[in-house]
Amino acid sequence: QSALTQPASVSGSPGQSITISCTGTSSDVGGFDSVSWYQQHPGKAPKLIIYDVSNRPSGVSNRFSGSKSDNTASLTISGLQAEDEADYYCNSYRLSSTFPYVFGTGTTVTVL
Amino acid sequence: EVQLVQSGIEVKKPGESLKISCKGSGYRFATYWIGWVRQMPGTGLEWMAISKSTNSDTRYSPSFQGQVTISVDRSITTAFLQWSSLKASDSAMYYCVLAVDGTTRWDWWGQGTLVTVSS
């Protein structure tokens, strides 16, 4: 079960926008609108920030947005802030006879 | 408020058995899924297994099939993850997660249980 592919790191200056990609296949990202994104600060549990490709849970900043095109989902952080420095993981439902979910490889966001 | 509270830090020797827990509170979902996620030091998140609250529908990621056992005691809203014989490579942080049945959003996460296996 191979993980979804994310860039290892992305960086940006405060106020800028950055985008993190999450590439899978037609059996996962491309086949379902079931991509979610999680933010993890060092030493903390992950937190859901986007679900079903582009929806934000209550309380999550509208600076976070999600989209999808073909087999690639994307997370965009606009107006980058120091508190956005964290690891980000995508997760997708997957058509599989064994296990129905797969995480991305994870991306470290650095605010310069 | 939904909360998942996990059991504390564990330090074990190779070959020992272990059972860690995840106690849920604050929810009244008729049906939900509980999952376990592993995070080895300095690495990413890995799905281990998920289990449905209402029946025996349990699925294991191929990497963990036969290596661990998960269970859910609905009467005490507690999920368990257990090993019969630990290895040093089982040293990691383990998170329990919860999703409402019919969704694919894992809204709620436990605080994590750190397991260290060393001779």
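What this report covers is the structure whose coordinates are included nearby. Predicted model only: the values in this text are computed from it and were never measured.

1. So, the interface of chain B and chain A
Phase 1 of the analysis: The interface is formed by 23 residues belonging to chain B together with 21 residues belonging to chain A.
Phase 2 of the analysis: Summed over both sides, the interface between chain B and chain A buries roughly 1800 Å², with carbon and sulfur atoms accounting for 64% of that surface.
Phase 3 of the analysis: For the pair chain B and chain A, the interface holds zero salt bridges.
Phase 4 of the analysis: Summed over the shared surface of chain B and chain A, the number is seven residue pairs in polar contact (both at pLDDT 80 or more).
Phase 5 of the analysis: Here the element with the most residues in the side of chain B that touches chain A is strand E5 (residues 45–52) of chain B; it accounts for six residues.
Phase 6 of the analysis: Its residues assigned to classes, the side of chain B that touches chain A shows 11 nonpolar, eight polar and four charged.

2. Comments concerning the pairing of strand E6 (residues 72–77) of chain A
Residue and element names in this part refer to chain A.
Phase 1 of the analysis: Summarising the sheet, strand E2 (residues 18–23) and E6 pair through six bridges and their orientation is antiparallel. Bridge pairing in E6 places Thr23 opposite Thr72.
Phase 2 of the analysis: Pairing of strand E5 (residues 64–69) with E6 involves six bridges; the strand directions are antiparallel. Residue pairing for E6: Ser65 is matched across the bridge by Thr76.
Phase 3 of the analysis: Linking E5 to E6, which pair antiparallel, is a turn of two residues; within it Asp70 sits at a positive phi near 50°.

Cut-offs applied
Residues numbered from 1 in each chain as written. Chains lettered and ligands numbered in written order. Predicted model: local features only at pLDDT ≥ 70, side-chain atom pairs only at ≥ 80, totals over all residues. Heavy atoms only, no water. Contact = heavy atoms within 4.5 Å. Buried area = accessible area lost by both parts, 1.4 Å probe. Salt bridge = Lys/Arg side-chain N within 4 Å of Asp/Glu carboxyl O. Polar contact = N/O pair within 3.5 Å; in protein donor to acceptor, adjacent residues only side chain to side chain. Helix = DSSP H or I, 4+ residues; strand = E, 2+ residues; numbered from the N terminus. Nonpolar A, V, L, I, M, F, W, Y, C, P; charged D, E, K, R; others polar. Pairing = 2+ DSSP bridges.

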